[in-house]
Amino acid sequence: MATTQASKTDKSAAGAAGALEIKDSRSGKPYSVAILERGTEGDTAIRAMDLRQIKVEADEFGMMTYDPAFMNTASCKSAITFIDGDKGILRYRGFPIEQLAEQATFLEVAWLLRHGELPTQTEYDKWVHDITFHTYVHENIKDFISGFRYNAHPMSMLTATVAALSSFYPEAKNIHDPEQRNISIVRLLAKVPTLAAFSYRHSKGLPFIYPDNDLSFVENFLSMVARMSEPKYEANPIFVKALEVLFILHADHEQNCSTNAVRAVGSSHVDPFSAVAAGIAALYGPLHGGANEAVLQMIKEIGHPKNVPAFIDEVKGGKGSRLMGFGHRVYKNYDPRAKIVKKLADDVFKQIGMDKDLEIALKLEEVALKDDYFVSRKLYPNVDFYTGLIYRSMAFPQDFFTVLFAVARTAGWLAQWEEMLNDKEQKIARPRQIYVGSPERAYKGTLTNKFPRTRK
């Protein structure tokens, strides 16, 4: 059996980048596994299923790979986002993030992520029109949100309300119908900002503000969040620009935790509202979307700019303090998004002025960037370090930061979800495991009364 499988692998290796020759020391058998060169940037991989041929006994399951947290496993082929962590590169569909942040709008980027090319003027105008005129949500959603406690976390409300949208649009289950996919994507991009703003207003005990179709995507969002008694909301242009750029920077980031959740849940062929709700739930975690909240908590603990050197010494000494907002799981160089947000932060701070917390943050940045301990470990400020400061400067509450992240990332989730559906190699996600529990054993019960009656 092993010989037959090996021959199949040899045939598949014909058009590949080469072969990986493996010798199993248990049996002495040699195996040949095709090396696939699939990536535009030269990424190489082997198919994990090709390892199944490696076995000692014919009735064995075969060799698996063990990779907790997917540290070195590619679960899909994607043409959406490219990251080179060592070189500090981030591109959407081939376009450098620096150029998009400087020149594009968020809705232009949302189109790009989904379609692979920049829109024509006609395509863009229709795209903006469709999203603008789908921002309203059913009135019953307002009642649903009002049912949450006044102090419910906005991310809990957003997760629940996005999932609830699937009950308003049952036709969204027709995921293989291109028209239904399109309208579902438009609805999600349009309505997630509305639901996010409604969750903010509920937590503040303020009346909900309906969308204003005369405003741009970002201006409309700010209006629904901040408008009070004024007949027409006029947003601060510095804040509009800042939020537009931050939405672009957060629109997608390859196969991160929440994107993986959207793809995994979506692989069951559930509707996109439910799949995106899964992404929002994953983003809720402090190791993912909640990282910028942790930065502000760290700054609060430092307390004063004069305490920064002592704090840095504690971090270096491993005395319990953690430097939040520095370093990244993927980037081993300066996070390219952080360079953009740093400049953005400077513009915002000029507008609103400095306070103690901002002084602490800037002092922390200054000291860490000059300290060889952090520089040698490539612990540079990441995007979370600055975004939390910007959101705070714009008067967003700390528990709303991750909601802002979710509004932006919806564009990437939907592009990744649709790409997954159109990938004929994808099946329902079902990882393997290495069982480490008890072997088979006989049941010998010790209970004498298995169905006790409850006394009235």
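Peer 1: Give a description of the packing of helix 12 (residues 291-302) against helix 15 (residues 356-370) that names residues and reports values.
Peer 2: Where helix 12 meets helix 15, the closest approach of the two axes is 10 Å, and the angle between their N-to-C directions is 100°. One finds that helix 12 runs roughly perpendicular with respect to helix 15. Seen from helix 12, the contacting residues are Met298, Ile299 and Ile302; seen from helix 15, they are Asp357, Ile360, Ala361 and Leu364. Along the lines of polarity and charge, the residues of the contact of helix 12 with helix 15 split into 6 nonpolar, no polar and 1 charged.

Peer 1: Can you lay out the state of the cysteines for me, pointing to particular residues and giving the numbers?
Peer 2: Counted under the stated rule, the structure contains 0 disulfides. This cysteine, Cys257, is not joined by any disulfide, and Cys76 carries the nearest cysteine sulfur, 14 Å off. By relative accessible area, which is 48% here, Cys257 ends up partly exposed.

Peer 1: Got a sec to walk through the layout of surface pockets? Specific residues and values, please.
Peer 2: Taken as a whole, the second largest pocket encloses approximately 230 Å³ of empty space. As for the second largest pocket, its lining consists of Glu98, Ala101, Glu102, Ile238, Lys241, Ala242, Val245, Ile340, Lys343, Leu344, Asp347 and Val348. Only helix 2 (97-103), helix 9 (237-249) and helix 14 (336-352) provide two or more residues apiece to the lining of the second largest pocket. Considering every element that reaches the lining of the second largest pocket, the biggest residue donor is helix 14, with 5 residues. Partitioned by chemical class, the residues of the lining of the second largest pocket number 7 nonpolar, no polar and 5 charged.

Peer 1: Please set out the side chain of Thr259 residue by residue, giving values where relevant.
Peer 2: Structurally, Thr259 can be placed in helix 10 (residues 257-266). Residue Thr259 is classed as buried on the basis of its relative accessible area of 0%.

Peer 1: With reference to specific residues and values, describe the pattern of salt bridges.
Peer 2: Scanning the model with the defined rule gives 18 salt bridges in all. Between Lys142 and Glu139 there is a salt bridge whose closest N-O contact spans 3.2 Å. Of this pair, Lys142 and Glu139 both sit in helix 5 (residues 139-146), separated by 3 residues, roughly a single helical turn. Between Asp214 and Lys232 there is a salt bridge; the shortest N-O distance is 3.4 Å. With Asp214 in the loop between helix 7 (178-204) and helix 8 (217-226) and Lys232 in the loop between helix 8 and helix 9, this pair connects stretches of sequence that are 18 residues apart. On the basis of relative accessibility, which here comes to 66%, the residue Asp214 falls in the exposed class. Residue class for Lys232 comes out partly exposed when judged on its relative accessible area of 39%. When salt bridges with common partners are traced through the structure, they connect Arg47, Lys77 and Glu425 into a single cluster.

Peer 1: Can you break down the packing of helix 13 (residues 308-317) against helix 15 residue by residue, with the values?
Peer 2: Contact geometry for helix 13 and helix 15: axes closest at 10 Å, N-to-C directions at 50°. Here helix 15 runs oblique to helix 13, going by the angle between their axes. Relative to helix 15, the crossing made by helix 13 is right-handed. Residue-level inspection shows Val308, Phe311 and Ile312 of helix 13 in contact with helix 15, the latter providing Ile360, Lys363, Leu364 and Val367.

Peer 1: For the sheet that holds strand 5 (residues 89-92), give the residues involved together with the corresponding values.
Peer 2: Taken together, the 3 strands give an open sheet; going across it, the order is 4-5-6, and neighbouring strands pair in antiparallel fashion. Looking at the sheet topology across the chains shown, the edges are occupied by strand 4 (81-84) and strand 6 (95-96). Examined bridge by bridge, strand 5 and strand 6 share 2 bridges and lie antiparallel to one another. Within the sheet, the bridge partner assigned to Arg91 lies in strand 6 and is Pro96.

Peer 1: I'd love a proper account of helix 9, names of residues and values included.
Peer 2: Spanning 13 residues, helix 9 covers 18 Å between terminal C-alpha atoms, matching the ideal 18 Å at 1.5 Å per step. With 10 of its 13 residues buried, helix 9 lies for the most part within the structure. The backbone nitrogen of Ile238 has a side-chain oxygen 2.9 Å away, supplied by the residue at the start of helix 9, namely Asn236.

Peer 1: Could you give an account of empty space enclosed by the protein, with specific residues and numbers?
Peer 2: Scanning the entire structure with this criterion turns up 2 cavities of 30 Å³ or more. Put simply, the largest cavity is a space of about 70 Å³. Every residue lining the largest cavity is listed: Ile131, Thr132, Thr135, Ala190, Pro193, Thr194, Leu215, Ser216, Phe217, Asn220 and Met224. For the lining of the largest cavity, the secondary structure elements donating two or more residues are helix 4 (121-132), helix 7 and helix 8. Residues belonging to the lining of the largest cavity are distributed by class as follows: 6 nonpolar, 5 polar and no charged.

Peer 1: So what's going on with the packing of aromatic side chains? Residues and values would help.
Peer 2: For the coordinates displayed, the defined rule picks out 16 aromatic pairs. Look at Tyr169 and Phe273: their rings are 5.7 Å apart centre to centre, the planes differ by 20°, and that puts the pair in the stacked class. Of the two residues, Tyr169 is situated in the loop between helix 6 (154-168) and helix 7 and Phe273 in helix 11 (residues 272-283); the sequence distance between them amounts to 104 residues. Ring plane angle 15° and centroid distance 4.6 Å describe the contact between Phe198 and Phe208, whose orientation is recorded as stacked. Remark: Phe208 occurs in the loop between helix 7 and helix 8 and Phe198 occurs in helix 7; sequence separation between them is 10 residues. Accessibility assignment for this pair places Phe198 and Phe208 in one class, buried. What links up through ring pairs into an aromatic cluster is the set Tyr200, Tyr391, Phe396, Phe400 and Phe401. Between the NZ or CZ atom of Arg52 and the centre of the ring of Phe61, over which it lies, the distance is 3.9 Å.

Rules behind the numbers
Residues numbered from 1 in each chain as written. Predicted model: local features only at pLDDT ≥ 70, side-chain atom pairs only at ≥ 80, totals over all residues. Heavy atoms only, no water. Axes fitted to C-alpha atoms, helices over the stretch in contact; angles between N-to-C directions. Helix = DSSP H or I, 4+ residues; strand = E, 2+ residues; numbered from the N terminus. Parallel < 35°, antiparallel > 145°, perpendicular 65-115°, else oblique. Contact = heavy atoms within 4.5 Å. Nonpolar A, V, L, I, M, F, W, Y, C, P; charged D, E, K, R; others polar. Disulfide = S-S within 2.5 Å. Buried < 20%, exposed > 50% of the residue type's maximum accessible area, 1.4 Å probe, protein only. 1 Å grid on protein atoms, 1.4 Å probe; cavity = no way out; pocket = protein on both sides within 12 Å on 5 of 7 lines; lining within 4 Å. Points joined across faces, edges and corners; volume = space filled by probe spheres on them. Salt bridge = Lys/Arg side-chain N within 4 Å of Asp/Glu carboxyl O. Left-handed = near helix turned anticlockwise from the far one by under 90°. Pairing = 2+ DSSP bridges. Expected span 1.5 Å × (residues − 1). Polar contact = N/O pair within 3.5 Å; in protein donor to acceptor, adjacent residues only side chain to side chain. Phe/Tyr/Trp six-rings, centres within 6.5 Å; stacked < 30°, edge-to-face > 60°. Lys NZ or Arg CZ within 6 Å of the ring centre and 35° of its normal.

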